[in-house]
Amino acid sequence: MAKKKVTAIIKLQIPAQKATPAPPVGSALGPQGVSAPQFVQQFNDRTKSYEAGLILPVIITIYQDKSFTFILKTPPAAVLIKKALGLAKGSGVPHTQKVGKLSQDQLTEIAKTKLADLSANDIEAAKKIIAGTARSMGVEVEK
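Counting restarts for each chain: residues are numbered from 1 in the order of the written sequence. Reporting in this predicted model follows two pLDDT cut-offs: at least 70 for local features of residues, and 80 or more for side-chain atom pairs to be given and counted; totals over whole chains, interfaces and linings ignore these cut-offs and use all residues. The side-chain quantities take in all heavy atoms of the structure and omit both hydrogens and water.

1. Some words on the overall build of the protein
Check the secondary structure of the protein and you find 5 helices and 5 strands. Secondary structure elements follow DSSP: runs of H or I no shorter than four residues count as helices, runs of E no shorter than two count as strands, and numbering proceeds from the N terminus. Secondary structure elements in the protein, listed N-terminal to C-terminal, are β-α-α-β-β-α-β-α-α-β. Think of it in three bands: residues with accessible area under 20% of the maximum for their type are buried, residues over 50% are exposed, and the middle band is partly exposed, with areas taken using a 1.4 Å probe on protein chains only. Here the protein holds 143 residues, and the buried ones make up 38% of them. When contacts within the protein are restricted to residue pairs at least 6 apart in sequence, long-range pairs at least 24 apart make up 62% of them. Here the Shrake-Rupley method, with its probe set to 1.4 Å, supplies the accessible areas, and only the displayed protein chains count as covering residues. Within the structure as shown, the protein displays about 8,400 Å² of accessible surface, and the carbon and sulfur contribution to it stands at 53%. Lys and Arg are tallied as positive, Asp and Glu as negative. Neither His nor the chain termini are counted. In plain terms, the charge of a residue is placed at NZ if it is Lys, CZ if Arg, CG if Asp and CD if Glu. The protein carries 20 positive and 10 negative side-chain charges, and their two centres are separated by 8 Å. Residues count as neighbours in contact if any of their non-hydrogen atoms are within 4.5 Å of one another.

Structural data, given as structure tokens:
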């Protein structure tokens, strides 16, 4: 079987179970000739195991015959940190205004979730990456 020719790779961040053919999905897939409703149906089916509304990055590969495949990534670290602390958003002035405190247990849990998508070799390196993201959001990390 011959290998299909890739015509485009699209990266989007879509809420789990809540994708619709409206923008950004429709406006990203439409020019490529891909059926947005078909993608939406498959995306929503594959994200049933996630909490509804949790932002998920997705990488869509579109082939010459207008077919597609997609890969789901883990939610962004900032989204997981906000969820763990119950925050609406990070601090506007992260170095002076702190908006919360992340415990070591929460940090470890988020690092375990993100480990597959990070360039970290072990859980300790992943924790340092997540801690850096937390600090940039104005969240203190317990020592």
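2. Topic: helix 4 (residues 104-114)
For helix 4, the complete set of buried residues consists of Leu107, Ile110, Ala111 and Lys114. Taken end-on, helix 4 shows its buried residues confined to a sector of 100°, consistent with a single buried face. Across helix 4 from its buried face, at more than 90 degrees, point the exposed residues Asp105 and Lys112. Here the arc refers to the set of directions running from the helix axis out to each C-beta atom.

3. A word on the sheet that holds strand 2 (residues 55-63)
Only strands that DSSP links by at least two bridges are regarded as paired with each other. Overall, antiparallel pairing links the 3 strands, which are arranged 1-2-3 in an open sheet. Strand pairing shows two members of the sheet lacking a second neighbour, strand 1 (6-15) and strand 3 (68-72), which therefore form its edges. Averaged over all neighbouring strand pairs, the angle between strand axes comes to 20°, with direction disregarded. The convention used is that axes are lines fitted to C-alpha atoms, helices contributing only their stretch in contact, and that angles between N-to-C directions extend from 0 to 180 degrees. Most of the contacts of helix 2 (residues 36-46) go to strand 3, to which it runs at about 30°, and overall it touches strand 1, strand 2 and strand 3.

4. Regarding the domain arrangement of the protein
Considered domain by domain, the protein is made up of domain 1 (6-72) and domain 2 (77-141). Taking only C-alpha atoms into account, the centre of domain 1 sits 27 Å from that of domain 2. Boundary definitions for the domains trace back to an automatic or database domain assignment.

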